[in-house]
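The residues making up each chain are set out below.
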Amino acid sequence: MESVIECRNLTHCYGRRKIYENLSFDVPEGRILGLLGKNGTGKTTTINILSGYLEPRSGECRIFGENIRRMRPLTRRRIGLLIEGHVQYQFMSIEQIERFYAAFYPKWRREAYYELMRKLHVGPGQRISRMSCGQRSQVALGLILAQDPDLLVLDDFSLGLDPGYRRLFADYLREYAKAEGKTVFLTSHIIQDMERLIDDCIIMDYGRILLQRPVGEILDRVRRYTCRVPEGAPLPGDGEFYHPSVVRSTLEFCSFLPYGEVARRLAEAGIPAEELHEERVSLEDAFIGLTGKY
Ligand SMILES: Nc1ncnc2c1ncn2[C@@H]1O[C@H](COP(=O)(O)OP(=O)(O)OP(=O)(O)O)[C@@H](O)[C@H]1O
C-alpha cells in the first residue's frame, strides 16, 4: 500500500519550547487515520505542518510524494483542509458560498454539498454569520466534501457538533471515503466517534508518539486489569503496565500483555495480587488507560 502522507523525523519548537522530537509516521492510501492526544500534545501543530502553514524545526513531510514546502498547486488542490472548523466568508449565505468555492475547484461536486446541507436541515438562503458554531462546522465540512479531494485533513472536525450530527457526519464520511478510496487524516477529542470512523490510530503523548496501530488491534489487545493488593503494596514499575494506580486496595492498569503474562510479572515483582481480573475496553478507555487520566 502506498503512503499518501509520509512524515520523517519531525521536530517542532515554539521559541525554545520543544513540542516534539523525531516524530515519524505514514498514512497509507485509502485509510482513515485518527491522531489522538491530550490537550497540548501537538495535534494542531502537526496539521499546521502538514498544511504548510508551519515549518518544522527539522524533518520532512511529503504528501503524494511531494515535499510540502515545495508542493505544486495542482497537487495542493488534491487536499481538502479543515482548520478548526470555520468558514471564512461569514457574510455569505449557504448558496453564495457554494458558488464562490465552486469557481476554485474543477472537480467541484455541488450535489455532495447540498446532500449534506439537506441532511443538516439548513436552507440555501441562510447566512453563515447567523448560524451556530456547530452549523458553521457543518457548512465547512460540506465545502470540503464538494472539493472531492483525494486526501482530507480535518482538524477537530466535530467541534461544536451535537451527538446526532457527529454520528451522522462520521458515518457519512466513512461511507464516502471507503466508496471513493479517499485517504483521511483527522483529529478529534470525541473518541467515541473515532471508534466507528477510523481504521488506524496514532496516540500522541507529550513530546512523542505513544503508539500507531490499527484500531481493531487496539480493541483486541488492550485490557484493563484490576486486582486486590494489600495496604502499602508497591506499584508495579513494569513499562508494559500503563499508569498503575491503587484506589481502596484495588490496583488498576492497562496493558497489551495477556492475562497469564500479567499474572507472571506481578508475581515476579513480588506484588501479592489477588482476584486478578481482565476487561476489554472501548477506544476511549484504552486512550485514557494508555495516556493516563491527567
Ligand atoms: N503559536 C504558538 N506559539 C507558542 N506556543 C504554541 C503556539 N501554538 C501552540 N503552542 C503550544 O504548543 C503546544 C501544542 O499545541 P497544539 O495546539 O498543537 O496542541 P493540540 O494537541 O492540538 O491541543 P488541543 O487538544 O488542546 O487542541 C501547546 O502547549 C501550545 O500551548
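Calculation rules
- Residues numbered from 1 in each chain as written.
- Predicted model: local features only at pLDDT ≥ 70, side-chain atom pairs only at ≥ 80, totals over all residues.
- Helix = DSSP H or I, 4+ residues; strand = E, 2+ residues; numbered from the N terminus.
- Contact = placed C-beta atoms within 7 Å.
- Near = placed C-beta within 6 Å.
- Nonpolar A, V, L, I, M, F, W, Y, C, P; charged D, E, K, R; others polar.
- Core = buried A, V, L, I, M, F, W, Y, C linked by C-beta atoms within 7 Å.
- Buried ≥ 20, exposed ≤ 12 C-beta atoms within 10 Å, placed from the backbone.
- Domains from an automatic or database assignment.
- Pairing = 2+ DSSP bridges.
- Axes fitted to C-alpha atoms, helices over the stretch in contact; angles between N-to-C directions.

Identification of the protein as ABC transporter ATP-binding protein from Alistipes dispar is taken from an unreviewed UniProt entry.

Peer 1: So what's going on with the overall build of the protein? Residues and values would help.
Peer 2: Across its full length, the protein carries ten helices and 14 strands. Overall, the C-alpha framework of the protein stretches about 70 × 40 × 35 Å when taken along its three principal axes. Looking at the protein alone, contacts between residues at least 24 apart form 71% of all its contacts between residues at least 6 apart.

Peer 1: Go over the site of the ligand, please, and point to the residues and values.
Peer 2: By nearness alone, every residue bordering the ligand is listed as Tyr14, Ile19, Gly37, Asn39, Gly40, Thr41, Gly42, Lys43, Thr44 and Thr45. Among the elements that take part in the shell around the ligand, helix H1 (residues 43-50) stands out by supplying three residues, more than any other. Partitioned by chemical class, the residues of the shell around the ligand number two nonpolar, seven polar and one charged.

Peer 1: Would you mind going over the nonpolar core in detail, with residue names and values included?
Peer 2: Counting residues in hydrophobic clusters, the biggest one holds 73 residues, and the most contacted among them are Ile63, Leu143 and Val153. No other element matches helix H5 (residues 133-146), which puts seven residues into this core. Each of domain 1 (3-217) and domain 2 (222-291) gives at least three residues to this core. The contact partners of Leu143, leaving out residues within four places of it in the chain, are Val87, Ile97, Tyr101 and Tyr113.

Peer 1: Outline the environment of Ile144, supporting the account with residue identities and numerical values.
Peer 2: Within the secondary structure, Ile144 is located in helix H5. In the structure, Ile144 is positioned 114 residues away from Pro258 in sequence and 43 Å away in space, judged by C-alpha atoms. The contacts of Ile144, once residues within four sequence positions are left out, are Gly80, Leu82 and Leu152.

Peer 1: Go over the sheet that holds strand E1 (residues 3-14), please, and point to the residues and values.
Peer 2: Taken in spatial order, the four strands line up as E2-E1-E4-E5 in an open sheet, and their pairing is antiparallel. The open sheet is flanked by strand E2 (17-28) and strand E5 (66-67), the only strands paired with a single partner. For E1 and strand E4 (residues 58-63), the ladder comprises five bridges, and the chain directions are antiparallel. Bridge pairing in E4 places Arg8 opposite Glu60. Where H1 meets the sheet, its contacts fall on E1, E2 and E4, and the angle it forms with E1 comes to roughly 120 degrees.

Peer 1: Give me the sheet that holds strand E11 (residues 223-228): which residues, what numbers.
Peer 2: Spatial ordering of the open sheet is given by E12-E13-E11-E14, a layout of four strands whose pairing is antiparallel. With partners counted over all chains shown, the strands left at the sheet margins are strand E12 (242-247) and strand E14 (274-280), one partner each. Strand-to-strand twist of the sheet, defined as the mean angle between neighbouring strand axes without regard to direction, takes the value 15 degrees. Relative to strand E13 (residues 250-255), E11 runs antiparallel, the two being bridged by six bridges. Bridging from a neighbouring strand, Arg224 pairs with Cys254 of E13.

Peer 1: Account for the domain arrangement of the protein, naming residues and giving values.
Peer 2: We note that the domain assignment places domain 1 (3-217) and domain 2 (222-291) within the protein. For the side of domain 1 that touches domain 2, the secondary structure elements donating two or more residues are helix H7 (191-197) and strand E9 (200-205). Of the residues that constitute the side of domain 1 that touches domain 2, the class distribution is six nonpolar, one polar and three charged.

Peer 1: Requested: an account of the pairing of E9, with residues and values cited.
Peer 2: Judged by how many residues are buried, E9 sits mostly within the fold: five of six residues are covered. The hairpin turn running from E9 into strand E10 (residues 208-214), its antiparallel successor, is two residues long, and Gly207 in that turn takes a positive phi close to 90 degrees.

Peer 1: So, the environment of Ile68: which residues are in play, and what are the values?
Peer 2: Secondary-structure assignment places Ile68 in the loop between E5 and helix H2 (73-76). Note: C-alpha distance between Ile68 and Tyr53 (15 residues apart in sequence) is 9.9 Å. Sequence-distant contacts of Ile68, defined by excluding residues within four places in its chain, comprise Leu50, Gly52, Cys61, Arg62 and Ile63.

Peer 1: Which residues make up the environment of Ser245, and what are the values?
Peer 2: Secondary-structure assignment places Ser245 in strand E12. Between the alpha carbons of Ser245 and Leu235 there is a distance of 7.1 Å; along the sequence they are ten residues apart.

Peer 1: So what's going on with unusual backbone geometry? Residues and values would help.
Peer 2: The backbone of Asn22 sits at a positive phi, close to 55 degrees, despite the residue not being glycine. With respect to the element layout, Asn22 can be found in strand E2. In this structure Asn22 comes out as partly exposed when scored by C-beta crowding, with 13 C-beta atoms within 10 Å. Non-glycine residue Asp148 carries a positive phi angle of around 50 degrees.

Peer 1: Break down the pairing of E10 for me, citing the residues and quoting the values.
Peer 2: A regular strand places its side chains so that they alternate between the two faces of the sheet. Taken together, the six bridges between E9 and E10 define a ladder with antiparallel strand orientation. Looking at the pairing, Ile202 lines up with Gln212 of E10.

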